[in-house]
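Spelled out from the first residue to the last, the chains are:
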Amino acid sequence: MGLSAVADRLLKGVAKKATSAVAADSKQVVQAADKAAEGLAASGRAAGGKLAGDSLELSSKAVATLAGAARALPDPPAGAALDAATAAAAGRMPAPATRTGEWLTVANHLHTTPYSPDANEPEADLIQRLEKAGVDGMILTDHNSMGGTLTPEWQAAESKLIMTPGMEWGALRETGMTVQGHAGLIGLTGTTNIPTNATIDEMIPFAKARNAFIVANHPYLDGNAWATRPVLQPEVGGVEVWNGQWALSDPISHNAQALSWWDSMLKQGRHLTAVGGSDFHGDWWTKFPRLPGSSPVKPVDLLFASEHSPEGVKQAIADGHVSVESSDTAAKIVLEADPKHDGSWSAIQGDDINVAQDGTIPMRAHVLGGKGLTVEFYGKAGQVGSYPVMTDDAYVPYSAVGVPNVKDYVRAELKQHPGQWWSMTALTNPIYVN
Ligand SMILES: [Zn+2]
Ligand SMILES: [Zn+2]
């Protein structure tokens, strides 16, 4: 079956019958894409760039090679059509009755020119674009620069968007040594840049002293070495599990691998916030949708902030009150629990539930605009449930088991096709149970 036929079938919604055929096709596509991405990385390096590991150092020849090779990558089975298929009048996610605050849609991991040399969109244009899209806030993370947070545009737009400052730090650039990985420093205060002639471990105290929430950005992008450490630094609070468009960018960002790395650390009892970042680099990047960074709202983070402010946004991420949605118009999902068994649904993702004795804890995924999709629940034991979403405003129930002092968690993924990683539409952070 050809790819366009696969896409047709997916869009017409005859998913059940098509699933096994699609799975076979998708495997081939993914293998081909992986192979192409390997070649892409090698040719980028040969062309004189430190490809993707630090996009600051891409030569123009490397960029041309990268763009050409990206164009040659095969399309993923459904990722490209995902937004069209699921876009719905999802509406605003309501706050839990027992909590003060609001669910906000925030665009994260954004680059602008001139502060990120590999970006081509000025900050004012990006702000305008995000205001038009109707998102609530943005987190600016230029490469090794706070320059974008010092502009008149940044100050002027504050009334419309919640403008959270930040920086994407990349190591060892000046010394010509291997890049160790990029870190998203969300909510970084101050006006000076964090030194880059340092290792990740040397950078961390600088970032913490300036109140940053530290995210391991795109941990499997070529040249990044986050996952090679035996233990992720305890000061690192988040992992960018979703960089660029989920399936389209996967051969370069390796999102599925990042997700499973994050999940493996949850299994070890670590609390880490999964975040999404578009890695937006401006409209010249949109010619190459397989590269992360082609749209500032793919993906976005849906986060529960108790305060409508940059600090509120940062705190929501630090607290794990975050879902990642494939775009600002795609289906939304959040996770709630009712640990008091009184119908108050007082716990949300990122919260800790401590049980006094063995027992069940009612949970539910609230899904907006997701009719026809599937909610999959995951915990320490792997996948623990899979349920169809029947309406566009649905509560999908799940019953968790709590055992005192036994660390477990429940998190949810929203997919177009059950069991098919590439059809991811949204995901939540976990509610921790112990
Ligand atoms: Zn980066
Ligand atoms: Zn970036």
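Source: prediction; values computed, not measured.

Draft legend 1. A look at the overall build of the protein chain. The helix and strand inventory of the protein chain stands at ten helices and 21 strands. With 434 residues in all, the protein chain has 59% of them scored as buried. For the protein chain, contacts bridging at least 24 residues in sequence account for 68% of all contacts bridging at least 6. Accessible area of the protein chain: about 16500 Å², with a carbon and sulfur share of 54%.

Draft legend 2. Seen up close, the packing of aromatic side chains. All told, the structure shown has five aromatic pairs when counted by the stated rule. What links up through ring pairs into an aromatic cluster is the set Phe377, Tyr387 and Tyr398. Positioned above the aromatic ring of Trp345 is the side chain of Arg364, whose terminal nitrogen or guanidinium carbon lies 4.0 Å from the ring centre.

Draft legend 3. Spotlight on unusual backbone geometry. In this chain, Thr113 is followed by Pro114 through a cis amide linkage whose omega measures 10°. As for its position among the elements, Pro114 is in the loop between strand 1 (102-110) and helix 5 (123-133). Note that the residue after Lys298, namely Pro299, is joined by a cis bond; omega there is 0°. The topology assignment puts Pro299 in the loop between strand 9 (273-277) and strand 10 (300-305). A positive phi angle is found at His341, which is not glycine, with a value near 55°. With respect to the element layout, His341 can be found in the loop between strand 12 (332-337) and strand 13 (347-348).

Draft legend 4. Representation of the coordination of the zinc ion (ligand 2) in the model. Protein coordination at the zinc ion (ligand 2) comes from His109 (NE2), His111 (NE2), Glu168 (OE) and Asp279 (OD), with a distance range of 2.1 to 2.2 Å. Taken together, the four donor atoms coordinating the zinc ion (ligand 2) and their angles of 83 to 176° define a geometry best described as irregular. Each donor residue of the zinc ion (ligand 2) belongs to the same chain, and together they define the spacing H-x1-H-x56-E-x110-D. Taken as a pair, the zinc ion (ligand 2) and the zinc ion (ligand 1) lie 3.4 Å from each other and share Glu168 as a ligand. Note that His109 is positioned in strand 1 and Glu168 in strand 5 (residues 166-170), a separation of 59 residues in sequence.

Draft legend 5. Highlighting the pattern of salt bridges. Within the structure shown, the criterion is met by ten salt bridges. A salt bridge links Glu336 to Arg364, with the nearest nitrogen and oxygen atoms 2.7 Å apart. Placement of the pair is Glu336 in strand 12 and Arg364 in strand 15 (residues 359-368), with a sequence separation of 28 residues. A single burial state applies to Glu336 and to Arg364, both of which are buried. A salt bridge links Glu413 to Lys415; its shortest N-O distance comes to 2.6 Å. Judged by relative accessible area, Glu413 falls into the buried class, the value being 3%. Where salt bridges share partners, they join Asp263, Lys267, Glu376, Arg411, Glu413 and Lys415 into one cluster.

Draft legend 6. Spatial organisation of the coordination of the zinc ion (ligand 1). At 2.1 to 2.2 Å from the zinc ion (ligand 1) lie its protein donor atoms, namely Glu168 (OE), His182 (ND1) and His218 (NE2). Each donor residue of the zinc ion (ligand 1) belongs to the same chain, with the gaps between them written as E-x13-H-x35-H.

Draft legend 7. Looking closely at the sheet that holds strand 13. Read across the open sheet, the four strands follow the order 13-12-15-18; overall the sheet is antiparallel. Because the sheet does not close on itself, it has two edges, and the strands there are strand 13 and strand 18 (393-402). With ten bridges joining them, strand 15 and strand 18 adopt antiparallel strand pairing. Paired with Arg364 across the strands is Pro397, a residue of strand 18.

Draft legend 8. Representation of helix 9 (residues 255-267). Look at helix 9: 18 Å from first C-alpha to last across 13 residues, which is about the 18 Å you get at 1.5 Å a residue. Every buried residue of helix 9 is accounted for by Asn255, Ala258, Leu259, Trp261, Trp262, Asp263, Met265 and Leu266. One or two steps after helix 9, the chain reaches Gly269, where phi turns positive at roughly 95°.

Conventions and cut-offs
- Residues numbered from 1 in each chain as written.
- Chains lettered and ligands numbered in written order.
- Predicted model: local features only at pLDDT ≥ 70, side-chain atom pairs only at ≥ 80, totals over all residues.
- Heavy atoms only, no water.
- Helix = DSSP H or I, 4+ residues; strand = E, 2+ residues; numbered from the N terminus.
- Buried < 20%, exposed > 50% of the residue type's maximum accessible area, 1.4 Å probe, protein only.
- Contact = heavy atoms within 4.5 Å.
- Areas by Shrake-Rupley, 256 points an atom, 1.4 Å probe, with all protein chains shown as cover.
- Phe/Tyr/Trp six-rings, centres within 6.5 Å; stacked < 30°, edge-to-face > 60°.
- Lys NZ or Arg CZ within 6 Å of the ring centre and 35° of its normal.
- Donors = N, O, S within 2.8 Å, 3.2 Å for Na, K, Ca; no water.
- Tetrahedral: all angles 85-135°; square planar, octahedral: opposite > 155°, others 65-115°.
- Salt bridge = Lys/Arg side-chain N within 4 Å of Asp/Glu carboxyl O.
- Pairing = 2+ DSSP bridges.
- Expected span 1.5 Å × (residues − 1).

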